[in-house]
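# Per-entry structural report
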Amino acid sequence: MAGDAPRSLLDRRLVIVTGKGGTGKTTVAAALAVAAARAGRRVLVAEMAADEQIVRLLAPGTPPVGYAGRELLPGVLAQRIDPFEALTEYLVLQIGIRPLVETVMRNQGFRQLMSASPGWRELITLGKVWHLEQMQRSDGAPRFDLLIIDAPATGHGMTFLDVPRVVVSAVRAGPLHHHTERVEALLSDPDKTVLLPVTTAEELPARETAELVERVRGELGIAVDRVVINAVAAAPFPAGLEDLDERLDRLPDSVRLETLPPTTVLADCSRYLRARYELNRRFVGEIAEMTRLPFVLLPRIPTGIDGPSAIEALAEPLMAAPRAEAA
Amino acid sequence: MSPASLAEQTLDRRRIVVCVGCGGVGKTTVAAAVAVEAARRGRNVVVLTIDPARRLADALGVGALGNVPRSIPRETLDSLGVPANGQLAAMMLDMKRTFDDMVERFAESEEARDRILENPIYRHATDALAGSVEFSAMEKVYELCERGEFDLVVVDTPPAQHALDFLDAPQRMVEFLDSRLVHMLIHPAMTAGRFGFKIFQRGTRRVLHLLERISGLGFLQDISEFLMAFEHMSVGFRARAVKVRELLLGRDAAFILVAGPARESVRQSEEFLDRLDASGVPLAAVLVNRIRRWPGGGDPPGWNDGSGIATDVEALRDAFAQQEAADFPARAAAQAAADAAKGYAELVRRDRENTAGLERRTRDRGRHWGTIPELPADVHDLDGLAGVADWIFRPEPSTDDDSRTGGRTIDGSPARPVESTRRRRA
């Protein structure tokens, strides 16, 4: 697709945010939600992790949103998709007898079986996402303009998005087969769904991102049109002073400073900032090369990501047009 | 009486060191560095990594798959200062092959083995089965310990949401195989008709009925076949799970919790610490990796933009003007140097603030507390690992004024080779 500028993320129905642990997936999901709300979209952020980080980012100090969900900011709803709750909801829809389903869900043997069984959590979670996508307002318009999925971290066996495919082939008929087919159709529809990989410009995340993109393009068949590179250090020195640390090293010991630390320490500080910056630049280049995707750079927030103001600062750079080359 | 150093507590006395922590904090690097140190202390050590960065994998000689330990050559060990009796091997976990090996070992016949290996559900399930990475890692650790080939096994664990995932994995697998529902699936013939449920409780019966309605009978039959094949191995599995647990919770094991200095990582690590302690895991140390360190150690000086800075910037400008060519922007350089120091001091202070609570909690419980500074580049060779090991096992003398520092200093250790290693990174 070289040459075509990617469509805006806000024109999709479903954005699946994923990435290696510690790269800022949830931060990006939250910033995207803020950007969508600013553009007048009604957005739902669905979180999978049990410990609800999204609340900490968008509405710190407020109680968890839980399975029922809650509006955290005007236009931004958040919900945690608990697999057991989603399964209950699904079974009630299928069987129609809530007391029976609840008896089953309480059954010790059943819970044991389910807690060790592969795949169903991912499947039921994606099923719930499909269901949310289908929901409508009374006027027939979609209930949500945009769904943002804060997906589990990638890494060992990217099983989360794999599951529908596996189930469709393993379960040959019956309601489960058909329902899973619908989920798969939503995920693989490039007009509706896009995967948004988040990485930092460091070696391990860069490599994992390249592997992820490879798999998404190949066997998974989910659209991916850009990579978000998070926490990129800004150039620490004005142009022409890139080697400030070396110049400080060469200053004579006789320089007397009253308040600032000695020049050797100044040199070490400059060296650190320069090294992190150069490392980031190198891996931005490598990510672009390995993934063959345009990228969006998010600046490193010096104060750390500690609440709504940091998230809001990232919303605008996140919506910038993706670039193909490092500046 | 000085308390035992971290190295004495862990590397010299244990057979297993397990590195745990949330994702992205550098567990693999720490595990590999711990192994290097053990070899330097004359032990025969193997490090089991789960998912190393490629360059680190290459440095350890585990770039190629194999699922067997590979020895680091003697010349390399010599250059690291590993004595003649010390040996270092590394391996990368191959989950699929570990599972296959287990099937080989526990299957009661060749036919049973092939039935499992060829079952389509087995092929998918080993990827997706809850905790299968943890399970196979623990299996491998046990096997390495049992073989007796090594004095010490250092193990990196997969990133976990819950600190005890890997510890519980064998038990969960056994519970799964033991559960009544599984037996129902395995032995449909015991019950009258298709799933006649004569002898089982109504709750279970309903569950199976539901599953059948949703998934169709064919799927349940596939699962049933898979489980039936597995059932014959479950005696071996169960015995294994018990032994692995005993090994990890016993006196032969020590755990190291690795954390990062970011606020979120610290929060998760505090939860980890509580859970590990509550479950009786022999936790030896908490290490914060990639913390920003003020050059020379200690607290960064505090200053504000007063006149003192202005005078200093002038002095720096004059020095640059004397040293550099006439067109050099001496004034801008002086200001940039001052800003860099201020900005970096800010980062150092933030990391200290973020980690202060975790440090207190760790020390209050009598665990070793250590930090590893963020290095300018990723650690990707054995020299780099040796440098990390220096930070872990030969920390700077504490600047604290009280006596809690017991575990931090190494009594009677030789003059620290630390500075030379540290300097080399510059």
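Everything in this summary refers to the structure shown in the same document. Since we're looking at a predicted model, the values are computed, not measured.

So, on to the nonpolar core. V34, A35, V153, V154, F255, I256 and L257 of chain B are the most contacted members of the largest nonpolar core, which has 94 residues in total. For this core, the leading source of residues is helix 2 (residues 27-40) of chain B, giving nine residues. Leave out the neighbours within four places in its chain, and V154 of chain B touches V17, A31, V34, A35, A38, V45 and V47 of chain B. Formed by 87 residues, the second largest nonpolar core is a distinct cluster that contains I16, L32, A37 and V296 of chain A.

With that settled, consider unusual backbone geometry. A negative phi angle is the norm for most residues apart from glycine, just as the trans form is the norm for most peptide bonds. Positive phi, normally seen in glycine, also occurs at A231 of chain A, with a value near 55 degrees. Looking at where A231 of chain A falls in the secondary structure, it is placed in strand 7 (residues 227-232).

All names here are of chain B. Residue placement: T311 occurs in helix 15 (residues 307-323). In this structure T311 comes out as partly exposed when scored by C-beta crowding, with 15 C-beta atoms within 10 Å. The spacing of T311 and G26 is 285 residues in sequence and 42 Å in space, taken between C-alpha atoms.

Residues and elements named next belong to chain A. In terms of residue burial, strand 5 (residues 146-150) counts as a mostly covered element, since five of its five residues are buried. Sheet analysis places strand 1 (residues 14-19) next to strand 5, joined by four bridges and oriented parallel. Pairing of I16 across the sheet is with I149, part of strand 5.

Take the environment of A57 of chain B next. Residues and elements named next belong to chain B. Structurally, A57 can be placed in helix 3 (residues 54-60). A57 gets classed as partly exposed once you count the C-beta atoms within 10 Å, which come to 19. With 181 residues separating them along the chain, A57 and R238 place their C-alpha atoms 33 Å apart.

All names here are of chain A. Running from N to C, helix 3 (residues 83-95) and helix 4 (residues 98-106) cross one another at 145 degrees; their axes reach a closest spacing of 9 Å. Along this stretch, helix 3 crosses helix 4, giving a crossing that reads as right-handed. Packed against helix 3, whose contacting residues are F84, T88, L91, V92 and I95, the element helix 4 presents R98, L100, V101 and M105 at the interface.

This paragraph deals with the environment of A338 of chain B. Secondary-structure assignment places A338 of chain B in helix 16 (residues 330-364). Its 23 C-beta neighbours within 10 Å are what place A338 of chain B among the buried residues. Note: C-alpha distance between A338 of chain B and R113 of chain B (225 residues apart in sequence) is 69 Å. Other than its neighbours up to four places away in sequence, A338 of chain B contacts L260 of chain A together with I309, D312 and V313 of chain B.

This part covers helix 14 (residues 263-278) of chain B. Residue and element names in this part refer to chain B. The end-to-end C-alpha separation of helix 14 is 23 Å, in line with the 22 Å expected for 16 residues at 1.5 Å each. Looking only at helix 14, the buried set comprises E264, S265, V266, Q268, S269, F272, L273 and L276. Those residues of helix 14 hidden inside the fold are in contact with strand 1 (16-20), strand 6 (253-259), strand 7 (283-291) and helix 16. The first or second residue beyond helix 14 is G280, which carries a positive phi of 75 degrees.

Residues and elements named next belong to chain B. Here helix 5 (residues 95-106) spans 17 Å end to end across twelve residues, near enough to the 16 Å set by a 1.5 Å rise per residue. Considered for burial, the residues of helix 5 that qualify are M95, T98, F99, M102 and V103. Seen end-on, helix 5 carries its buried residues on one side only, within an arc spanning 140 degrees.

On to the sheet that holds strand 4 (residues 76-80) of chain A, then. All names here are of chain A. The strand order across the open sheet built from eight strands is 3-4-2-5-1-6-7-8, with neighbouring strands paired in mixed fashion. Looking at strand neighbours, the two that pair on one side only are strand 3 (70-73) and strand 8 (295-299), the edges of this open sheet. The mean inter-strand angle of the sheet, taken between neighbouring strand axes irrespective of direction, is 25 degrees. Here strand 1 runs beside strand 6 (residues 193-200); their pairing, made up of six bridges, is parallel. What sits directly across from L14, in strand 6, is T193. Helix-sheet contacts for helix 9 (residues 203-220) involve strand 1, strand 6 and strand 7, and the interaxial angle to strand 6 is about 165 degrees. Along the sheet, helix 11 (residues 263-291) contacts strand 6, strand 7 and strand 8; its crossing angle with strand 7, the most-contacted strand, is approximately 175 degrees.

Reading guide: rules and limits
- Residues numbered from 1 in each chain as written.
- Chains lettered and ligands numbered in written order.
- Predicted model: local features only at pLDDT ≥ 70, side-chain atom pairs only at ≥ 80, totals over all residues.
- Core = buried A, V, L, I, M, F, W, Y, C linked by C-beta atoms within 7 Å.
- Buried ≥ 20, exposed ≤ 12 C-beta atoms within 10 Å, placed from the backbone.
- Helix = DSSP H or I, 4+ residues; strand = E, 2+ residues; numbered from the N terminus.
- Contact = placed C-beta atoms within 7 Å.
- Pairing = 2+ DSSP bridges.
- Axes fitted to C-alpha atoms, helices over the stretch in contact; angles between N-to-C directions.
- Left-handed = near helix turned anticlockwise from the far one by under 90°.
- Expected span 1.5 Å × (residues − 1).
- Arc of directions from axis to C-beta.

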